Amino acid sequence: MLDALRMEMNSGTILGYFLQAVPVTLVVGAVYGVGRLLFLRRKGEPVRWGTELVRLLFVCYLTGLCSLVLLPANFWLRVYDGIAFGWWSEVGPIFSLGEVNLVPSLVRCLTGELSLGSWGREMLLGNVAMFLPFGVFLPFLTKEQSRAGLLRAAVAVPLAVECAQLVLGRSFDIDDLLCNFLGITLGYLVAWGLRTAGRGHAAAR
């Protein structure tokens with residue numbers, strides 16, 4: 001069972017990278033949850049369980065997202081192997097300049113320069129899916145509800161991630177930027193639909 005799980009973690013797929021991030025995400029979520037409850041009790045403030053649950057889920061999500069988009073590939077797998085078996089291996093330099101791609105894959109496909117296979121489609125869809133929860137959480141965690149605020153967040157967050165990746169030895173990729181922007185926007189639309197449906201249901205009572 002453990003061997004099969006490790007093989008899946010080391011598969012190089014989106015699911016594999018996701019599984020690598022799950023343990024540390026749960027640890028960070030547990031530490032945050034306990035710390036947050038102690039903080040509220042010390043302040044004498046009431047615990048709004050719905051709001052706190054959304055905050056906790058966002059912290060877990062953000063931890064997993066940072067693990068996926070900022071850390072070197074298989075970083076956590078190396079850490080788990082080191083803890084379990086003592087197999088500590090070099091990760092390499094943390095800060096190094098990565099590559100830059102400013103030509104979208106769609107343009108390269110139209111010009112015949114690139115043939116987008118199943119792996120490429122999976123990566124593009126994965127980059128949309130990774131940031132979709134960010135858009136869902138956004139209106140529930142901030143007071144910003146305007147379209148201008150959404151646009152700023154949908155542009156600024158992916159841009160910050162890509163710039164960070166560039167100096168962390170990964171790459172600044174226009175495909176990631178566009179897909180992440182699309183993911184946040186779609187997530188926000190989902191959240192807007194849920195809020196609208198909730199208000200309509202409450203008004204009908």
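Worth saying up front: this structure is predicted, and the values here are computed from it rather than measured.

Undergrad: Hey, could you go over the environment of Leu159 for me, with residue numbers and the actual values?
TA: Secondary-structure assignment places Leu159 in helix H7 (residues 147–167). Placed 14 residues apart in sequence, Leu159 and Asp173 show a C-alpha to C-alpha distance of 9.9 Å. The contacts of Leu159, once residues within four sequence positions are left out, are Phe172 and Leu177.

Undergrad: Lay out the environment of Tyr61 in plain terms, naming residues and giving numbers.
TA: With respect to the helices and strands, Tyr61 occurs in helix H3 (residues 49–69). As a C-alpha pair, Tyr61 and Ala21 span 40 residues in sequence and 9.9 Å in three-dimensional space. Sequence-distant contacts of Tyr61, defined by excluding residues within four places in its chain, comprise Met130, Phe131, Pro133, Phe134 and Phe137.

Undergrad: So what's going on with the pattern of salt bridges? Residues and values would help.
TA: Tallied over the entire structure, the rule returns 2 salt bridges. One salt bridge connects Glu113 with Arg108, and the closest N-O pair in it is separated by 3.8 Å. Here Glu113 falls in the exposed class, since its relative accessible area comes to 57%. Of the residues examined, Arg108 reaches a relative accessible area of 22% and is grouped as partly exposed.

Undergrad: Provide a residue-level description of the nonpolar core, including the pertinent values.
TA: Residues Tyr61, Leu65, Val69, Phe131, Phe134, Leu138 and Ile184 are the most contacted members of the largest nonpolar core, which totals 15 residues. At 5 residues, the largest contribution of residues to this core is made by helix H6 (residues 118–141). If near-sequence neighbours (up to four positions away) are discounted, Leu138 is found in contact with Leu150, Ala153 and Tyr188. In terms of nonpolar packing, the next biggest core, distinct from the first, is built from 6 residues, Met9, Leu19, Trp76 and Leu77 among them.

Calculation notes
Residues numbered from 1 in each chain as written. Predicted model: local features only at pLDDT ≥ 70, side-chain atom pairs only at ≥ 80, totals over all residues. Heavy atoms only, no water. Helix = DSSP H or I, 4+ residues; strand = E, 2+ residues; numbered from the N terminus. Contact = heavy atoms within 4.5 Å. Salt bridge = Lys/Arg side-chain N within 4 Å of Asp/Glu carboxyl O. Buried < 20%, exposed > 50% of the residue type's maximum accessible area, 1.4 Å probe, protein only. Core = buried A, V, L, I, M, F, W, Y, C linked by side-chain atoms within 4.5 Å.

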